[in-house]
Every structure is written in C-alpha cells, then in structure tokens.
Amino acid sequence: MTDTLSQFIKENDKTPSWDGDVLIYKSNNTDKKDIIGKVTVQVKGEMADNINRKACSFSVDMADLVNYKNNGGTIYFVVLINKNNPSKRRVFYDTLTPIKIENYIKGHKNQNSRVIKLKRLPADKDEIQTIFYNFNKDSKKQHSFSSIPPIKLRTLSSSNDIVEITSSLTIFSPNKKLPSTIQAFLNHEVYWYAKIANSPIPHPIELFSVMEVISKDGFPSIIVNGDKYDNYVIEKITKDDITIQFGESTTLVFTKNRKGARMDFKPSGLLRSRIKDLNFIISIVETGVIVFGENKKVDLGQMVAETPFDIVLAKKELESYKRIEQFWKSLHVSADFDIGNIDSNSSLEELYLLMKSINGKHPIHINVDGEHSGYLFRKSISNYKILFFLDAVDKEKSLYRIYNFFDYKGIFKIARGNTEHISSHYSVLSPDDYIELSNIDLSKMLQSYKDLISLGDDIFESANFDLLNLLLAYDKHNDHPIEILNTAKEIAYWLLNESAENLHVEIKILNYLQTLKRERVLTAEENRKLYEIAENENSSLLVKLGANVLLENYIVARIQFEQLSLQDQEIFRSFPIYKFWK
C-alpha cells in the first residue's frame, strides 16, 4: 500500500530470528539503483480476546534480541487475532533499534526472554513510510557505535567534547502538509545524537523520548471504592500533560498549571470489559480517590468530564450489563460478548426478550417452516452463534417455548441408515458446530453418554460417531482448541475401557491412538498394538489401512488404499484418521 516500501516477507517462515526484509526506495520508482536501505523484520501472531487496544506486550527470546542488535536492529510485528472471529486482526509493531534493544537487554542478560512493548501500526501509508525511513536512518547511525555504550544523559552538561546535540525526523505527508515541529516530535520516536569534537560521526545518546509509555506491567494494583483492579493502568507523559488510561474505556488527563483532571469515558465493545470499566468510572465519580499499591491514596480533586456523565443512568446500564453477562453464563458461553455490535435498541430488545423467555419461561413467536413439534434453532447474536431448541406451544400461531439446547431435558433419537438410536444432545452436532457454536459445554459431553447407558447399548456407537466428529472439528479449527482434543481423549478412553463388545476392539484402539497421536508421539508399546492390528489376518482392509497410516507405513498404506473399492476409498477419506496420510 505504500509508495516507497517493498516487502519480501516469507509465509510460514521457519528461519531463526527473522521472517524477511523490507526494501526502502528513495521514490516510488522501485528500481534497484534507487534502494536506500533494507530493514529486517520479524512477524508473530497471537490469539487474543480483545484486539481493539492501542498497545500490546510480547515476549521475545533473549537470543533473538542479541541477534537483532548485532545485525543493526529489526522492526518487530505482532498480529493480534480475534479468538472469536479470526478474520479480525490488528497489527502492532516495535522499532527495535540497537539502543532500544540494549535498553531491553541491560541488566537482564541471564534471562531467557524479555517483554517488549508494541504500538498499533498506523493505517496511513505515509505514517508507515515515516516509521521505516526513520528506523533505517537511526539504526545505521547506532549500529556504527554498537560496541560503544551511548552517551548518558547526566554527562551531557559536564562533557567538554560535545559540540552540538542534534536530532532529525523525516515525515512523509500527502500534499506536503507537514505537522508542526512539536507535534511531529510528540507523535514519533525520536533519537538524539551528540556531535563530538574530532569525530566525523554523531554519537547516539541513551534512549530518550519526548513521550514515554509505561505499560500496565509497570503499575501496582489499584483499589477504588473497595474493588481491586490488576494490570489496569497505562500512563502516557508528554511535555504538557499526563494521561492515565484505566482499562479499555476511561482516561484521566492532568494538564500542567490546572487543578484536577479531565475525564473521558468511551465504553468498550466487549461486555466484561464494559462492566469492569463502568463499575470503575462510577466508583471514581462517587469517591474521587484511587489507592495505589501499599495504601498510597491519590485524591483526584476536581474532575471535568469531556462528555456529560449521568451516574444514575450509568448505574442502570451497569445492572443491565450484569444481567446480560449472567444470562450468557447460564448458557455456558465462555467467550466475551461483543455487545458493541448490538447497541441498537432493536437488537437489545430482542436480546432482552430472549433472556425473559429462555428455558420455557414464556412462549415467543418464531416463524419456522414445517409441521414438527420441535426444532433445532441456530441463532447468531453479535459474535455468538447459539443453538436453541424450539418446543411448539401453538404451531398455527408459530408460538414456541425456547430452550438452551444443552439444557433441554428431552431424549433425542438420531437416525443412521434405517435405524433410530437414542443419543446424547451432542450427537446432533456436526464438526462445524463444534467450531461455530458458542454455548457448547464440552465438560458435560462424556457424562451425557453415561446417563443414557441404561436406555440401550447403542449409545456406545453414537459416542464413537461423535468422537470422530470431535476429531474432525479439532483438525479443521484454526486454533486446534485443547478442550476439544481433551474431550475427544476422554471419550476415546471411556469407549476403550467401558464399551465391552458393543464396539469392535480394533476400532476402539485405532480411535484412541489416533487421538493421542494428535497430542504426542506414540510410545513403542502403542505402536506395537498398531502393528498387531496391521498384521492380523482377520482385520478388515480398512482397519489395516488405518493402522498402517498411524504407523506411518505409507508405502503399504498406498497399496492397501488402492485395493479398496472407490466407495470405501471415499469413506476412508472422510475419516479423521486420513489427516495422518502423507
């Protein structure tokens, strides 16, 4: 998107320390004679509940930091990926110049890693070009003195060799509309250099920035009105004021030569953050006192809100949000709710109606095609997708009682082939449901089969079928959630030990071991069991093929696969064990 940068960043790169380079050109003419520099980069990804933040932290191996310093610096990128919607992402960066890296390393060389602080990458192409251009310029200057410590601030006034102290900043700006000098220095990272007598090259001065950002890790816990808030504070200091941000929503600005503070509150989009932040701002308004760490009280004095703050209305909103949070907890939803997407009155009214009606409390009107007395009903609500069960009260009037599907007390039967089987609630789920649905409580899945054993032994067959769907979901899910794999492992172990003759023993062994193989390398004893299955003359060709795939005997597996009918080949491809085929 930029005019003067050209990236050569490798996908799925496994090289140590770096993931690629960015070339910098002196103009939009990307001819190699116009290259003025090359910046190495590292790119990391991390899943996060909240990507809508201004800064983030990331742990970097000390060995990598040393490599970056020795190589003249690196721009480090971290991409935060929304856990609930992986298509939503935010890019953060830190310009790791040699001086900044030394600041991270100094006094910590015996540690394995250091936490770096990253800012959100601007969306504006001119800002991005400014970042790369100045980083390249400063890194080259500092790398020349990598073996010499930078000049300390406290020695500047006493040194007779320093002729001049300078800094420079190149700003890319459309139509040459440059910001004021003060704003340019406040909004960008600036390094200072000392011109030394009889030295042709400016010497870097120890890291100093006009604006300093202190992370949440730098503050103790705070207490407001009896409530404790951990890792909740970020401070920003400029020449004119101090801004303290609490959580995701509240800022207090203390301006020099003014009494008190200016307060602003912008609600977070995520429900739990909104509740926490709203509770905090109400307490601040009511008490005006914050306790830091060991009973260090700070009286905020007079506060002026940038926008009118109605504390009575805020308290009503807080109680409403708490009810919504409790409702989602009752549905066994663990991810945070993006309430920012349903702030319209109509969407909230729909949610309140659902809360009022859930689990059969009040019939509601829902248009459903068909004549059945019960329906599965998948409903998307902001970042959630919830599975409900509709129980007809009056089909002509489309009146139904609505239940959280996994709380419904009825017994389900699943048709497979020409036979109906009594099944767990979980047996209605497809692999995609395990990925998409928000109200699945996997902790109750195994027990749901145990509760139905008295109604028929065919529950073992249903459980085995669901186990395969769990494995398919685990393999398909971008994050490979450990809770899905652990649930699959519990069910596979239970079937192996409790299902007696209701399932073929070799099928049970294959399914248990293929579950373990997703987690770790199989042991010699486990491989011996697979070998016995693969060599058993009485085993079916499909079973032998599965054993050889897990044993990684791919040449034999290929021969056996080609001996199958086309129909059986398609069946084998649909099994989760096919994942291990290479």
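Just so we're clear, the structure is a prediction, and the values are computed from it rather than from any experiment.

### With respect to the overall build of the protein
Line of reasoning, step 1. For the protein, the count of helices and strands is 16 helices and 26 strands.
Line of reasoning, step 2. In the protein, which comprises 582 residues, the proportion classed as buried is 44%.
Line of reasoning, step 3. As displayed, the protein offers around 31,600 Å² of accessible surface, 49% of which is attributable to carbon and sulfur atoms.

### Some words on helix 14 (residues 541–550)
Line of reasoning, step 1. Within helix 14, 8 of the 10 residues are buried, which leaves it mostly tucked inside the rest of the structure.
Line of reasoning, step 2. Buried positions along helix 14 lie against helix 12 (505–517), helix 13 (524–535), helix 15 (554–563) and helix 16 (566–574).
Line of reasoning, step 3. Positive phi appears at Glu-552, one or two residues downstream of helix 14, with a value of about 65 degrees.

### Looking at the pattern of salt bridges
Line of reasoning, step 1. Counted by the stated rule, this structure contains 20 salt bridges.
Line of reasoning, step 2. Where Lys-125 meets Asp-3, a salt bridge forms, and the shortest distance between an N and an O atom there is 3.2 Å. Of the two residues, Lys-125 sits in helix 3 (residues 125–143) while Asp-3 sits in the segment before strand 1 (5–9), which places them 122 residues apart along the sequence.
Line of reasoning, step 3. Overall, Lys-125 belongs to the partly exposed group, its relative accessible area being 29%.
Line of reasoning, step 4. Residues Glu-570 and Arg-573 are paired through a salt bridge, measuring 2.5 Å at the closest nitrogen-oxygen approach. With Glu-570 and Arg-573 both in helix 16 and 3 residues apart, this pair spans about one turn of that helix.
Line of reasoning, step 5. Using a relative accessible area of 36% as the deciding quantity, one classes Arg-573 as partly exposed.

### A look at the packing of aromatic side chains
Line of reasoning, step 1. Across all of its chains, the model carries 29 aromatic pairs by this definition.
Line of reasoning, step 2. Both rings, one in Tyr-232 and one in Phe-280, keep their centres 5.3 Å apart while their planes meet at 65 degrees; by these two values the pair is edge-to-face. Placement of the pair is Tyr-232 in the loop between strand 13 (227–229) and strand 14 (233–237) and Phe-280 in helix 5 (residues 271–287), with a sequence separation of 48 residues.
Line of reasoning, step 3. When its relative accessible area of 5% is taken as the criterion, Tyr-232 is described as buried.

### Here we look at the sheet that holds strand 2 (residues 20–25)
Line of reasoning, step 1. Strand order in this open sheet of 7 strands is 1-2-3-5-6-7-4, and the pairing throughout is mixed. The open sheet has two edge strands with one neighbour each: strand 1 and strand 4 (55–61). Strand-to-strand, the axes of this sheet are offset by a mean angle of 35 degrees, without reference to chain direction.
Line of reasoning, step 2. In the sheet, strand 2 pairs with strand 3 (residues 35–48) via 6 bridges, with the strands oriented antiparallel. Its bridge partner lying in strand 3, Asp-21 is registered against Thr-40.
Line of reasoning, step 3. Against the sheet, helix 2 (residues 98–105) contacts strand 6 (89–96) and strand 7 (113–120), and its axis sits at roughly 95 degrees relative to strand 6.
Line of reasoning, step 4. With respect to the sheet, helix 3 is in contact with strand 1, strand 2, strand 3, strand 5 (74–82) and strand 6, its orientation differing from that of strand 3 by roughly 115 degrees.

### Some details on unusual backbone geometry
Line of reasoning, step 1. Despite not being glycine, Ser-398 has its phi angle at roughly 55 degrees, a positive value.
Line of reasoning, step 2. For Ser-398, the position within the fold is in the loop between strand 23 (384–394) and strand 24 (399–404).
Line of reasoning, step 3. Residue class for Ser-398 comes out buried when judged on its relative accessible area of 12%.
Line of reasoning, step 4. You will see that His-480, though not glycine, has its phi angle at about 45 degrees, which is positive.

### As for the environment of Lys-409
Line of reasoning, step 1. As for its placement among the helices and strands, Lys-409 is situated in the loop between strand 24 and strand 25 (412–416).
Line of reasoning, step 2. Owing to a relative accessible area of 77%, Lys-409 belongs among the exposed residues under this scheme.
Line of reasoning, step 3. Through-space distance from the C-alpha of Lys-409 to that of His-425 is 9.5 Å; in sequence the pair is 16 residues apart.

### Some details on the pairing of strand 15 (residues 241–246)
Line of reasoning, step 1. Most of strand 15 sits inside the fold, with 5 of its 6 residues counted as buried.
Line of reasoning, step 2. As paired elements, strand 14 and strand 15 share 5 bridges and run antiparallel to each other. Directly across from Ile-234, in strand 15, lies its bridge partner Gln-245.
Line of reasoning, step 3. Direction of pairing for strand 15 relative to strand 16 (residues 250–255): antiparallel, over a ladder of 6 bridges. Bridge pairing in strand 16 places Asp-241 opposite Thr-255.
Line of reasoning, step 4. Where strand 15 hands over to strand 16, the hairpin turn is made up of 3 residues, of which Gly-247 adopts a positive phi near 65 degrees.

### Points about the side chain of Ser-17
Line of reasoning, step 1. By secondary structure assignment, the location of Ser-17 is in the loop between strand 1 and strand 2.
Line of reasoning, step 2. Ser-17 sits in the buried class, given a relative accessible area of 5%.
Line of reasoning, step 3. Polar contacts involving the side chain of Ser-17 include one to the side chain of Asp-64, which spans 2.6 Å.
Line of reasoning, step 4. Setting aside chain neighbours within four positions, we find Ser-17 in contact with Gln-42, Asp-64, Asn-67 and Tyr-68.

### Topic: the sheet that holds strand 23
Line of reasoning, step 1. Ordered in space as 21-24-23-22, the 4 strands form an open sheet in which the pairing is antiparallel. The open sheet has two edge strands, strand 21 (364–365) and strand 22 (374–381), and neither has a second partner.
Line of reasoning, step 2. Where strand 21 meets strand 24, 2 bridges bridge the pair, whose relative direction is antiparallel. Of the residues in strand 24, the one forming a bridge with His-365 is Leu-399.

### Focus on the environment of Lys-26
Line of reasoning, step 1. Considering the arrangement of structural elements, one finds Lys-26 in the loop between strand 2 and strand 3.
Line of reasoning, step 2. Among the residues examined, Lys-26 registers a relative accessible area of 58% and is labelled exposed.
Line of reasoning, step 3. When the C-alpha positions of Lys-26 and Leu-5 are compared, they lie 9.2 Å apart, and in sequence the two are 21 residues distant.
Line of reasoning, step 4. Once residues lying within four places of it in the same chain are set aside, the contact partners of Lys-26 are Asp-34 and Ile-36.

### Considerations on the side chain of Asn-404
Line of reasoning, step 1. Its place among the elements puts Asn-404 in strand 24.
Line of reasoning, step 2. Classification of Asn-404 by relative accessible area gives buried; the value is 0%.
Line of reasoning, step 3. Excluding its chain neighbours within four sequence positions, the residues that come into contact with Asn-404 are Ser-330, Leu-331, His-332, Ile-358, Asn-359, Leu-387, Phe-388 and Asn-439.

About the thresholds
- Residues numbered from 1 in each chain as written.
- Predicted model: local features only at pLDDT ≥ 70, side-chain atom pairs only at ≥ 80, totals over all residues.
- Heavy atoms only, no water.
- Helix = DSSP H or I, 4+ residues; strand = E, 2+ residues; numbered from the N terminus.
- Buried < 20%, exposed > 50% of the residue type's maximum accessible area, 1.4 Å probe, protein only.
- Areas by Shrake-Rupley, 256 points an atom, 1.4 Å probe, with all protein chains shown as cover.
- Contact = heavy atoms within 4.5 Å.
- Salt bridge = Lys/Arg side-chain N within 4 Å of Asp/Glu carboxyl O.
- Phe/Tyr/Trp six-rings, centres within 6.5 Å; stacked < 30°, edge-to-face > 60°.
- Pairing = 2+ DSSP bridges.
- Axes fitted to C-alpha atoms, helices over the stretch in contact; angles between N-to-C directions.
- Polar contact = N/O pair within 3.5 Å; in protein donor to acceptor, adjacent residues only side chain to side chain.

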